[in-house]
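Here is what each chain is made of, one letter per residue.
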Amino acid sequence: MARFRRKSCFALIALALVVFIITVILKSLSPEDNNIGSQFALRLIEPPREVEKNTKVVVTGKPAQMIQAEKADSLKNKMQDFPEPNYNVHAFYYVWYGNPQFDGKYVHWNHQLIPHWDTKVASGYPTGQHQPPDDIGANFYPALGPYSSRDPTVLEEHMRQLRTAAVGVLAISWYPRNMKDDNGEEIDNLLPLILDAADKYQLKVVFHIEPYKGRDDVNMRENIKYITERYGNHPAFYRYKTSTGKFLPLYYIYDSYLQTPDVWAQLLKPNGLSTIRGTPYDGIFIALLVEEKHKKDIQAAGFDGLYTYFATNGFTYGSSHHNWRSVKTFCDYNDLLFIPSIGPGYIDTSIRPWNSQNTRNRINGKYYENAFNAAVEARPQIISITSFNEWHEGTQIEKAVPKTWGKTVYLDYLPHKPTVYLELTQKWARKFSEEQKKWLE
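Reading guide: rules and limits
- Residues numbered from 1 in each chain as written.
- Predicted model: local features only at pLDDT ≥ 70, side-chain atom pairs only at ≥ 80, totals over all residues.
- Heavy atoms only, no water.
- UniProt positions renumbered as here; feature names shortened; annotations may be inferred.
- Buried < 20%, exposed > 50% of the residue type's maximum accessible area, 1.4 Å probe, protein only.
- Helix = DSSP H or I, 4+ residues; strand = E, 2+ residues; numbered from the N terminus.
- Pairing = 2+ DSSP bridges.
- Right-handed = clockwise from strand over helix to strand, strands pointing away.
- Contact = heavy atoms within 4.5 Å.
- 1 Å grid on protein atoms, 1.4 Å probe; cavity = no way out; pocket = protein on both sides within 12 Å on 5 of 7 lines; lining within 4 Å.
- Points joined across faces, edges and corners; volume = space filled by probe spheres on them.
- Nonpolar A, V, L, I, M, F, W, Y, C, P; charged D, E, K, R; others polar.

- The name an unreviewed UniProt entry assigns to the chain is Glycoprotein endo-alpha-1,2-mannosidase, from the organism Culter alburnus.
- Regarding the chain, the UniProt comment filed under Subcellular location (unreviewed entry) reads as follows: "Golgi apparatus membrane".

As structure tokens, this is what we get:
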């Protein structure tokens, strides 16, 4: 019995030794200390999240087409939050503003004080230049501050405001390549950004051609050709449907009276030496009506219509509301488009301190509504707004905010909200659309 116990004891000890030796051998073959074992293990074990991230493998990622579709749906939903754009409501839009962040300096916000042409009168008023950001060349102060027209976030906000107002078309102040106004920089290179931003918000763009140096029939034809070839295929490029069913670009020609009817006829008459009629660059050309005699000049020159631009009721024959019905009658008789221009008010004493007699008080929006009403009653095809953002002349409908700087107190829209003129525009754009439908019944 004792011998059996000793044998059992030896057997247990031997078994324990075997187990211990096997354990040590297996331990030595563990992937932690064996390079061959670790490579094999990586093929079997799911990689950690860090490996997925470093190798750009996103196991649960969505296909690129699905992401693009979701973005498109999101933008479409945003558009549903806005009123429908009225493409018969155009707003004059200025892209000549700049600031140090995007342009290296302030542009236009630092506008010079323009002296009166009579030196005796000029001597009684201040001279110099505005010093932004607190001192700007405007009587109102923009909610966005002294912004740059190159800032993508500004363009985005402007398009949202225009859609909020139900405006359908931007009329962009334009100078040809390598040319600019007296206080600005070249702006043609901004057009691709603006067209893309407008298209995103289902807005259209027309060109408001400024009176650049040396403007005549020959270089106008070249500039129209340039515009058509460079921008004409963009989806935001506006085309007007004519009575014959054609879709042609529309151009506003500012200060058209500076060239004689004979010069314009060379471009706009079918038999003119520089004629654009019947060519791929043909369009709808809208002249500026200032004096009553310009009506006959516009007709003789071969223009397709006229607009009045100035937001100062009574300042010119064309800008006087009580003349609009007779102007419309003249246009109807001569197969011309009539585009009255309305505005919320006018004040430019920040850059023309001697011009207070032409100030038109906004009267908390009443002036603007009266102008809109007069335009609608004239039954025009299109109404233009002076302006979305011509801050120097105080005609903007863009958001403005109260601001005080030293002894300077900027005007504002109180007691209304900064959006009041966008809301009034939306109201009247809808009314204009409803009235046009009635005229066609």
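**Considerations on the pairing of strand 3 (residues 167-174)**
Turning to step 1, where the next piece is worked out: Most of strand 3 is tucked away: eight of the eight residues are buried.
Turning to step 2, where the next piece is worked out: Where strand 1 (residues 86-93) and strand 3 come together, five bridges link them in parallel fashion. Paired with Ala91 across the two strands is Leu170, which belongs to strand 3.
Turning to step 3, where the next piece is worked out: Looking at chain direction, strand 3 and strand 4 (residues 204-209) are connected through six bridges and run parallel. Across the sheet, residue Leu170 finds its bridge partner in strand 4, namely Val205.
Turning to step 4, where the next piece is worked out: On the question of chirality, the crossover connecting strand 3 to the parallel strand 4 by way of helix 8 (residues 191-200) is right-handed.

**A word on the environment of Ser320**
Turning to step 1, where the next piece is worked out: Looking at the element boundaries, Ser320 is found in the loop between strand 8 (305-307) and helix 12 (324-333).
Turning to step 2, where the next piece is worked out: A relative accessible area of 5% means that Ser320 is categorised as buried.
Turning to step 3, where the next piece is worked out: C-alpha of Ser320 to C-alpha of Ala374: the two residues are 54 residues apart in sequence and 9.9 Å apart in space.
Turning to step 4, where the next piece is worked out: In this structure Ser320 touches Asn313, Gly314 and Phe315, once residues within four positions along its chain are discounted.

**Observations regarding the pairing of strand 4**
Turning to step 1, where the next piece is worked out: The buried fraction of strand 4 is high, at five of six residues.
Turning to step 2, where the next piece is worked out: In terms of strand pairing, strand 4 meets strand 6 (residues 247-253) through three bridges, oriented parallel. Bridging from a neighbouring strand, Ile209 pairs with Ile253 of strand 6.

**A few points about the layout of surface pockets**
Turning to step 1, where the next piece is worked out: Space inside the largest pocket adds up to approximately 870 Å³.
Turning to step 2, where the next piece is worked out: Lining the largest pocket we find 30 residues, and of these Tyr254, Asp255, Arg352, Glu390 and Glu393 sit closest to its centre.
Turning to step 3, where the next piece is worked out: Taken together, the residues of the lining of the largest pocket sort by class into 14 nonpolar, seven polar and nine charged.
Turning to step 4, where the next piece is worked out: Roughly 520 Å³ of internal volume is contained in the second largest pocket.
Turning to step 5, where the next piece is worked out: Along the wall of the second largest pocket there are 21 residues; nearest its centre are Thr242, Ser243, Ile284, Asp304 and Asp335.
Turning to step 6, where the next piece is worked out: Classifying every residue of the lining of the second largest pocket gives seven nonpolar, seven polar and seven charged.

**Some details on unusual backbone geometry**
Turning to step 1, where the next piece is worked out: Residue Pro133 follows Pro132 across a cis peptide bond; omega there is 15 degrees.
Turning to step 2, where the next piece is worked out: With respect to the secondary-structure elements, Pro133 resides in the loop between helix 6 (119-122) and strand 2 (141-142).
Turning to step 3, where the next piece is worked out: Following Leu414, the chain continues into Pro415 via a peptide bond in cis, with omega recorded as 10 degrees.
Turning to step 4, where the next piece is worked out: As for its placement among the helices and strands, Pro415 is situated in the loop between strand 14 (408-409) and helix 14 (420-439).
Turning to step 5, where the next piece is worked out: With phi around 60 degrees, Gln202 is a residue other than glycine that occupies positive phi space.

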